[in-house]
4 protein chains.
Amino acid sequence: MKQFIYTSVLALSSALLFGYTVLDKKEDKKNKSYWPNGARLVISGSMQFETGGQPEGADSPFSGNPLPKGQPDLPADSWFRYGATEGVYRMLDLFDKYNVKITSHMVGEAVLKYPEVAKEIAKRGHEVAGHGIAWSDQWKLSYQDELKFVQDGDKAIESVTGVKPIGYNCNWLRRSPNTLKVLQESGYEYHIDDVSRDEPFITHVRGKDFIVVPYTLRNNDIVNIEGKHWTPQQHLAQLKADFDVLYEEGKDARRMMSFSLHDRIGGSPAMVKIMGEFFEYVQSHEGVVFMRKDEIANMIKNDPSTLVDDSEERYNN
Amino acid sequence: MKQFIYTSVLALSSALLFGYTVLDKKEDKKNKSYWPNGARLVISGSMQFETGGQPEGADSPFSGNPLPKGQPDLPADSWFRYGATEGVYRMLDLFDKYNVKITSHMVGEAVLKYPEVAKEIAKRGHEVAGHGIAWSDQWKLSYQDELKFVQDGDKAIESVTGVKPIGYNCNWLRRSPNTLKVLQESGYEYHIDDVSRDEPFITHVRGKDFIVVPYTLRNNDIVNIEGKHWTPQQHLAQLKADFDVLYEEGKDARRMMSFSLHDRIGGSPAMVKIMGEFFEYVQSHEGVVFMRKDEIANMIKNDPSTLVDDSEERYNN
Amino acid sequence: MKQFIYTSVLALSSALLFGYTVLDKKEDKKNKSYWPNGARLVISGSMQFETGGQPEGADSPFSGNPLPKGQPDLPADSWFRYGATEGVYRMLDLFDKYNVKITSHMVGEAVLKYPEVAKEIAKRGHEVAGHGIAWSDQWKLSYQDELKFVQDGDKAIESVTGVKPIGYNCNWLRRSPNTLKVLQESGYEYHIDDVSRDEPFITHVRGKDFIVVPYTLRNNDIVNIEGKHWTPQQHLAQLKADFDVLYEEGKDARRMMSFSLHDRIGGSPAMVKIMGEFFEYVQSHEGVVFMRKDEIANMIKNDPSTLVDDSEERYNN
Amino acid sequence: MKQFIYTSVLALSSALLFGYTVLDKKEDKKNKSYWPNGARLVISGSMQFETGGQPEGADSPFSGNPLPKGQPDLPADSWFRYGATEGVYRMLDLFDKYNVKITSHMVGEAVLKYPEVAKEIAKRGHEVAGHGIAWSDQWKLSYQDELKFVQDGDKAIESVTGVKPIGYNCNWLRRSPNTLKVLQESGYEYHIDDVSRDEPFITHVRGKDFIVVPYTLRNNDIVNIEGKHWTPQQHLAQLKADFDVLYEEGKDARRMMSFSLHDRIGGSPAMVKIMGEFFEYVQSHEGVVFMRKDEIANMIKNDPSTLVDDSEERYNN
């Protein structure tokens with residue numbers, strides 16, 4: 001009897017605490033099917049275009065010692081500006097050299113401030129994706145404010161590039177419980193703010209499919225180069241080691257690798273150096289395919305072998 | 001006279017301050033006998049299975065900038081979820097490849113949330129060990145609450161895996177002064193939350209033997225990869241250097257090396273890459289034996305040459 | 001109509017928030033002309049001479065755990081003193097060995113305290129540049145106080161070295177909105193507290209040309225060695241990778257690389273070791289020219305192909 | 001006139017602010033004479049023996065998240081205990097293997113708690129040096145309390161090892177303005193809490209010679225391994241690079257290199273591995289001599305070519 005009560009209470013408190021439904025066992029396994037296009041490993045890159053949209057005190061080499069509110073931080077501004085004057089262009093040239101197409105997550109205000117940068121990214125064949133109108137906390141907005149926040153960003157992007165984004169990335173990945181519903185209402189087909197798997201999957205939002213193309217903290221310049229204080233060479237070593245294992249696993253399963261570059265960080269000379277070395281390394285392997293995230297979403301959305309994971313179901317009804 | 005008083009006062013204040021009994025000199029030396037099984041070096045790995053049991057704001061790449069209480073941190077949750085969807089399975093495959101058996105410290109709530117993961121760990125031949133019912137501070141509980149905390153964890157584990165754990169690991173190693181008595185009362189035979197030696201030893205709890213199989217902060221993924229911001233390659237270099245010296249010492253003494261991996265950290269592709277390299281490196285040396293911690297405890301508990309160390313005697317009476 | 005209002009409001013709020021004028025498109029591109037002297041890559045070094053001018057609690061290995069106000073921090077003082085007793089002399093010998101001339105940014109109070117150091121720097125052929133009379137926040141001073149702060153520094157430097165500086169570096173790069181006007185009024189021709197480009201450019205201050213010779217956070221000993229806790233070897237790897245890409249770009253464009261060394265940091269044996277290796281590496285490439293920043297300013301100031309960038313126009317009228 | 005006032009005020013404020021006397025120019029140069037014993041480079045190691053004397057919350061892998069006052073931190077205690085059970089003995093074996101004698105700075109309470117460790121250090125031929133009776137802030141004590149603090153430490157050390165120390169190291173190098181006078185009164189001949197030079201020098205305390213044998217933050221395990229989160233291999237790279245330059249300089253000048261190891265940090269297997277590699281590296285060079293700090297002090301105290309530096313004169317009268 002005691003055991004029975006114990007187990008029930010535990011199960012109940014677990015359900016109350018976490019609000020998860022128990023996952024279908026099938027969903028907890030890696031996807032053992034291949035990619036529809038026969039790729040052994042799909043690699044998908046992100047390039048955040050945010051420069052010019054940064055709020056006062058945004059993360060920079062200066063933000064550990066912030067100036068008083070209202071005081072302009074001129075060298076910090078110049079550090080961000082580098083993204084638009086040097087960083088993005090240097091990365092675009094790198095991508096061209098290795099024929100890599102990436103997804104560019106664009107803050108609306110950055111697009112309005114540097115329209116020529118946004119246009120150039122689109123012109124070179126990269127995906128134009130949403131990142132909100134402003135560089136600010138999206139998770140604390142009401143449903144209506146969040147809807148406006150997302151759609152204002154879309155309008156800014158569309159007015160400059162002519163593209164309506166279908167993929168979304170929140171500031172620091174931090175969604176509200178409503179975000180996926182807001183994105184669905186705004187015509188989005190996928191988001192990236194989930195790092196739970198090394199492959200894309202389908203979740204359900206108000207009962208309809210919504211695609212998750214996982215982002216990365218492991219292979220992310222703002223996390224490692226700025227946050228962990230790694231050298232570019234350390235970042236390269238991490239990238240190669242992640243690749244080696246995912247490529248090995250790709251023999252028997254659908255595997256995807258993400259990397260991320262931010263305009264003012266990934267666009268430095270030293271970072272472009274090691275990204276070039278990374279591209280050379282992976283392109284020397286058979287079956288490695290670089291894909292934009294919208295291409296991935298389109299490829300897998302109607303594939304019955306794509307994983308389904310409703311771990312966040314409670315938020316998505 | 002003055003000298004006499006001085007010395008007495010010092011000795012007294014030392015005793016009052018630290019509450020140690022002076023150690024038998026013999027106990028301060030390394031154990032100069034070999035392992036009962038003739039091993040030159042025993043290596044013992046830990047794999048924490050905690051994902052799904054994390055409290056709000058638990059250590060993650062997001063916890064430096066916590067959300068307000070009650071606000072779900074969805075990308076942080078997805079980062080933890082990786083342990084159950086990818087991390088543990090990837091490590092299990094690695095352990096199989098190198099025929100390494102480890103000890104898995106399981107948070108009760110994680111086991112209840114992902115029973116299929118706990119079962120798979122047990123099925124593959126690894127030790128199922130206790131880690132409390134919840135991922136929370138054990139050191140601040142009363143004796144009775146701590147007893148319940150430990151035994152609720154045991155029940156959760158036993159109900160899912162059928163195994164009653166005999167080895168214990170506290171959250172962040174932090175025991176209360178009562179922990180070893182609580183563990184003794186709960187049928188435990190050893191704990192790992194001590195990093196004072198590079199070999200297992202016997203301590204006395206209420207006059208009876210209790211075994212300590214030392215854990216590690218030096219060769220620990222959550223300390224180095226997340227806390228010190230090392231690359232996997234730096235972690236590998238640390239592991240190899242620690243091994244080299246302990247293996248050398250193993251010629252003349254009983255020496256043990258610990259390493260530790262957490263589901264969502266050690267289970268990344270890059271970490272599995274370097275752990276594979278570590279296993280290959282050490283397995284190319286004669287006399288290196290991987291053992292589960294329960295196997296170690298059983299092997300040395302009745303061996304008269306095993307070290308005895310009662311440094312914490314004041315707490316264990 | 002709604003769209004019209006939306007766009008106008010966005011444009012207006014963007015203008016209000018950032019106060020930038022839209023840049024001439026031409027200014028957003030890299031300079032595609034070569035250096036007037038035919039160099040493929042110009043490298044420009046900074047050596048801060050600040051020791052002896054440090055305020056209580058200035059950044060040092062001790063400042064994380066500051067002593068109470070008024071309590072002298074004797075080992076911290078001895079750490080700074082190293083710059084004047086060992087660091088600067090060791091770097092001067094290094095520069096002589098590789099025939100490199102750099103720009104030395106001198107805090108006035110350091111110059112008055114260690115005049116023999118300031119004189120030796122000048123005697124060896126390096127540029128004597130301004131860094132304020134004191135090691136303190138310049139961004140919070142009024143126009144008049146800032147004018148005095150700059151000019152007191154000039155007088156200290158001139159009285160000891162006989163040189164009136166024409167280039168300026170603020171403490172931690174942090175300028176006030178008035179700084180460039182103050183510098184212009186004080187006879188300065190260029191400043192370095194901008195990291196937005198990998199080449200020098202012209203901005204306008206009260207309608208007249210003022211030159212920006214960009215500084216660096218990427219190749220800066222106080223940022224990387226002290227702030228990021230890199231080893232000297234990691235700093236060297238960063239320097240080489242930055243060089244490789246800028247040198248490659250220098251085939252088709254005017255490119256400049258900055259590095260920075262502080263007396264008590266860059267002057268350590270290990271740092272001088274790797275800087276020597278860096279100089280050997282770059283000097284093995286054709287067309288690499290080391291220049292003082294005043295030489296750079298003089299070379300490009302009347303060159304019509306020099307970039308113009310008025311991103312900070314609102315502050316400079 | 002204005003210039004005259006300006007200069008006077010500056011000189012005066014500088015004198016008031018810093019209280020330095022202007023150094024004799026001769027004292028600002030490196031010592032261009034060789035070592036009396038003909039060594040090309042003298043290397044001097046420190047081994048702190050502190051374990052068992054640590055106060056609540058002392059720096060450890062646990063101190064970033066301290067327990068409430070009064071709550072024992074058992075795993076932290078076990079981490080410190082490692083110094084006495086494994087660390088010191090492992091380092092002593094290493095020193096024997098390479099015939100290196102070092103200076104051991106011993107906290108009085110550690111000596112009383114682990115007398116067998118202190119005796120073993122002395123027995124193996126290493127210098128027994130003072131480090132205070134307790135592991136606590138010395139800089140805030142009154143003259144009389146500081147005298148007692150130092151002399152209680154001496155008595156503890158002498159009662160166990162039979163040695164009266166003549167060299168001193170403060171906790172975290174942090175001296176009070178009285179420390180050198182207290183040491184002089186207590187029969188000390190040198191201290192190490194100064195990092196301003198790469199050679200020993202003489203200062204004056206109440207008009208009499210007192211020797212400074214510089215310590216190191218650059219080649220210090222607690223700074224780099226624990227504080228900077230370096231791997232042992234990174235520490236080795238730093239040590240070698242520092243050595244290379246000081247050895248080169250030793251051709252023409254008296255140069256000294258310091259390194260530092262703490263019982264529970266430097267005594268880990270991986271650290272002993274790289275220190276062995278360091279010893280092999282430097283011993284393959286001609287003219288490298290390892291010396292205890294008391295030997296250095298005795299060798300240079302009556303050598304007229306030894307540098308004199310009274311930078312702290314104001315505190316030492």
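Residues numbered from 1 in each chain as written. Chains lettered and ligands numbered in written order. Predicted model: local features only at pLDDT ≥ 70, side-chain atom pairs only at ≥ 80, totals over all residues. Heavy atoms only, no water.

Going by an unreviewed UniProt entry, chain A carries the name Polysaccharide deacetylase and comes from Flammeovirga pacifica.

Draft legend 1. Seen up close, the overall build of chain A. What chain A contains, in helices and strands, is ten helices and nine strands. For 317 residues, the compact-globule estimate of 2.2 N^0.38 gives 20 Å, and the C-alpha radius of gyration of chain A, at 20 Å, lies within 12% of that figure. In terms of overall dimensions, chain A has a C-alpha envelope of 70 × 50 × 40 Å along the principal axes. Counting across all 317 residues of chain A, residues that qualify as buried make up 66%. By element, 53% of the accessible surface of chain A is carried by carbon and sulfur atoms, the whole surface being about 10900 Å². Side-chain charges of chain A comprise 38 positive and 46 negative groups, with the mean position of each set lying 2 Å from the other. (Helix = DSSP H or I, 4+ residues; strand = E, 2+ residues; numbered from the N terminus. Rg over C-alpha atoms; globule rule 2.2 N^0.38 Å. Buried < 20%, exposed > 50% of the residue type's maximum accessible area, 1.4 Å probe, protein only. Areas by Shrake-Rupley, 256 points an atom, 1.4 Å probe, with all protein chains shown as cover. Lys, Arg positive; Asp, Glu negative; His and termini not counted. Charge placed at Lys NZ, Arg CZ, Asp CG, Glu CD.)

Draft legend 2. Highlighting the interface of chain B and chain A. Contact with chain B, which involves 46 residues of that partner, is made by 43 residues of chain A. Roughly 4000 Å² of surface becomes buried between chain B and chain A when both sides are summed, with 58% attributable to carbon and sulfur atoms. Our count for the chain B to chain A interface comes out at seven salt bridges. Salt-bridge contacts for D194 of chain A lead to R81 of chain B; the nearest nitrogen and oxygen are separated by 3.3 Å. There are 18 residue pairs in polar contact (both at pLDDT 80 or more) connecting chain B and chain A. Ranked by residues supplied to the side of chain B that touches chain A, first place goes to helix α2 (residues 74-98) of chain B with 13 residues. (Contact = heavy atoms within 4.5 Å. Buried area = accessible area lost by both parts, 1.4 Å probe. Salt bridge = Lys/Arg side-chain N within 4 Å of Asp/Glu carboxyl O. Polar contact = N/O pair within 3.5 Å; in protein donor to acceptor, adjacent residues only side chain to side chain.)

Draft legend 3. Main features of the arrangement of the chains. Between chain B and chain C there is no contact, and the shortest C-alpha to C-alpha separation is 11 Å. Nothing in chain A touches chain D, and the closest approach of their C-alpha atoms is 11 Å.

Draft legend 4. Highlighting unusual backbone geometry. One non-glycine residue, L173 of chain B, lies in the positive phi region at around 65°. With respect to the helices and strands, the residue L173 of chain B is situated in the loop between β4 (167-168) and α6 (179-185). Residue R206 of chain D is not a glycine yet carries a positive backbone phi of 50°. Structurally, the position occupied by R206 of chain D is in the loop between β6 (201-205) and β7 (208-212). By relative accessible area, R206 of chain D is classed as partly exposed at 40%.

Draft legend 5. Representation of the packing of aromatic side chains. Evaluation of the coordinates by the stated rule reveals 48 aromatic pairs over all chains. Aromatic side chains W79 of chain A and F80 of chain A sit 5.0 Å apart centroid to centroid with 80° between the ring planes, which places their arrangement in the edge-to-face category. With respect to class, W79 of chain A is no different from F80 of chain A; both count as buried. Following the ring pairs from residue to residue traces out a cluster consisting of F95, Y98, F259, F278, F279 and F290 of chain A. A cation sits over an aromatic face here: R254 of chain A above W35 of chain A, 5.5 Å from the ring centre. Cation over ring: R197 of chain C sits above F201 of chain C, and NZ or CZ is 5.7 Å from the ring centre. (Phe/Tyr/Trp six-rings, centres within 6.5 Å; stacked < 30°, edge-to-face > 60°. Lys NZ or Arg CZ within 6 Å of the ring centre and 35° of its normal.)

Draft legend 6. Region of the structure containing the interface of chain C and chain D. Contacts between chain C and chain D engage 46 residues on the former and 43 residues on the latter. Between chain C and chain D, roughly 3900 Å² of surface is buried when both sides are summed, and carbon and sulfur atoms account for 58% of that area. The closest approach of N and O atoms between K273 of chain C and D244 of chain D, which form a salt bridge, is 2.9 Å. Across the contact surface, chain C and chain D share 18 residue pairs in polar contact (both at pLDDT 80 or more). Secondary-structure elements contributing two or more residues to the side of chain C that touches chain D are α2 (74-98), α3 (108-113), α5 (143-161), α7 (221-227), α8 (232-249) and α9 (269-283) of chain C. Taken together, the residues of the side of chain C that touches chain D sort by class into 21 nonpolar, twelve polar and 13 charged. (Nonpolar A, V, L, I, M, F, W, Y, C, P; charged D, E, K, R; others polar.)

Draft legend 7. Broad picture of α5 of chain C. All names here are of chain C. Taking 1.5 Å as the rise per residue, α5 with 19 residues should run 27 Å; its terminal C-alpha atoms sit 27 Å apart, in good agreement. Of all the residues in α5, the buried ones are Y143, E146, L147, F149, V150, D152, G153, D154, A156, I157, V160 and T161. Backbone geometry just after α5 places G162 at a positive phi near 80°. (Expected span 1.5 Å × (residues − 1).)

Draft legend 8. Fine view of the packing of helix α2 (residues 74-98) of chain A against helix α4 (residues 115-123) of chain A. Residues and elements named next belong to chain A. At a closest axis distance of 11 Å, the pairing of α2 and α4 adopts a crossing angle of 5°. With respect to α4, the element α2 is oriented roughly parallel. The segment α2 lies against α4, with A84, V88, Y89 and L92 engaging E116, V117, E120 and I121. Its residues assigned to classes, the contact of α2 with α4 comprises six nonpolar, no polar and two charged. (Axes fitted to C-alpha atoms, helices over the stretch in contact; angles between N-to-C directions. Parallel < 35°, antiparallel > 145°, perpendicular 65-115°, else oblique.)

Draft legend 9. Representation of the relation of the copies chain B and chain A. Taken as rigid bodies, chain B and chain A are interconverted by a rotation of 90° and an axial shift of 0.0 Å, the fit giving an RMSD of 0.0 Å. In short, the pair behaves as if placed about a four-fold rotation axis. Interface overlap between copies: only 4% of the residues of chain B at the interface are likewise at the interface in chain A, consistent with a contact formed by different surfaces. (Least-squares fit on C-alpha atoms with pLDDT ≥ 70 in both.)

Draft legend 10. Structural detail: the UniProt feature "domain: NodB homology" (unreviewed entry) in chain A. Here the UniProt-annotated "domain: NodB homology" (unreviewed entry) positions come out as residues 70-291 of chain A. With 48% helix and 14% strand, the stretch residues 70-291 of chain A has end C-alpha atoms that lie 42 Å from each other. (UniProt positions renumbered as here; feature names shortened; annotations may be inferred.)

Draft legend 11. Seen up close, the relation of the copies chain C and chain D. For these two chains of identical sequence, chain C goes onto chain D by a turn of 90° and a shift of 0.0 Å along the axis, with RMSD 0.0 Å. An overlap of only 4% is found between the interface residues of chain C and their copies at the interface of chain D, pointing to separate contact surfaces.

Draft legend 12. Spotlight on the side chain of D294 of chain C. Within the secondary structure, D294 of chain C sits in helix α10 (residues 293-300). Aside from chain neighbours lying at most four places away, what touches D294 of chain C is E127, I166 and Y190 of chain C.

Draft legend 13. Seen up close, the pairing of strand β7 (residues 208-212) of chain C. Residues and elements named next belong to chain C. Pairing analysis gives two bridges linking strand β5 (residues 190-191) to β7, with the strands arranged parallel. Across the sheet, the residue bridging to Y190 is I211, located in β7. By the bridge criterion, five bridges tie strand β6 (residues 201-205) to β7 in an arrangement that is antiparallel. When the bridges of β7 are listed, F201 appears paired with V212. Hairpin geometry of β6 and β7 is characterised by an intervening segment of two residues between the two adjacent antiparallel strands and by a positive phi of about 50° at R206. (Pairing = 2+ DSSP bridges.)

Draft legend 14. Region of interest: the nonpolar core. Ranked by size, the top nonpolar core spans 287 residues in total, and within it F278 of chain A, F278 of chain B, F278 of chain C together with F278 of chain D carry the most contacts. In this view, F278 of chain C contacts I43, L236, L239, K240, F243, M257 and F259 of chain C; residues no more than four positions away in its chain are not counted. (Core = buried A, V, L, I, M, F, W, Y, C linked by side-chain atoms within 4.5 Å.)

Draft legend 15. Main features of the pattern of salt bridges. By the definition in use, this model includes 115 salt bridges over all chains. When the shortest N-O distance is used, the salt bridge between R81 of chain A and E312 of chain C registers 3.6 Å. Within this pair, whereas R81 of chain A is found in helix α2, its partner E312 of chain C is found in the segment after α10, the two belonging to separate chains. R81 of chain A gets classed as buried once you look at its relative accessible area, which sits at 4%. One salt-bridge network, held together by shared partners, links E86 and R90 of chain A together with D198, E199, R218, D242, E249 and R255 of chain C.

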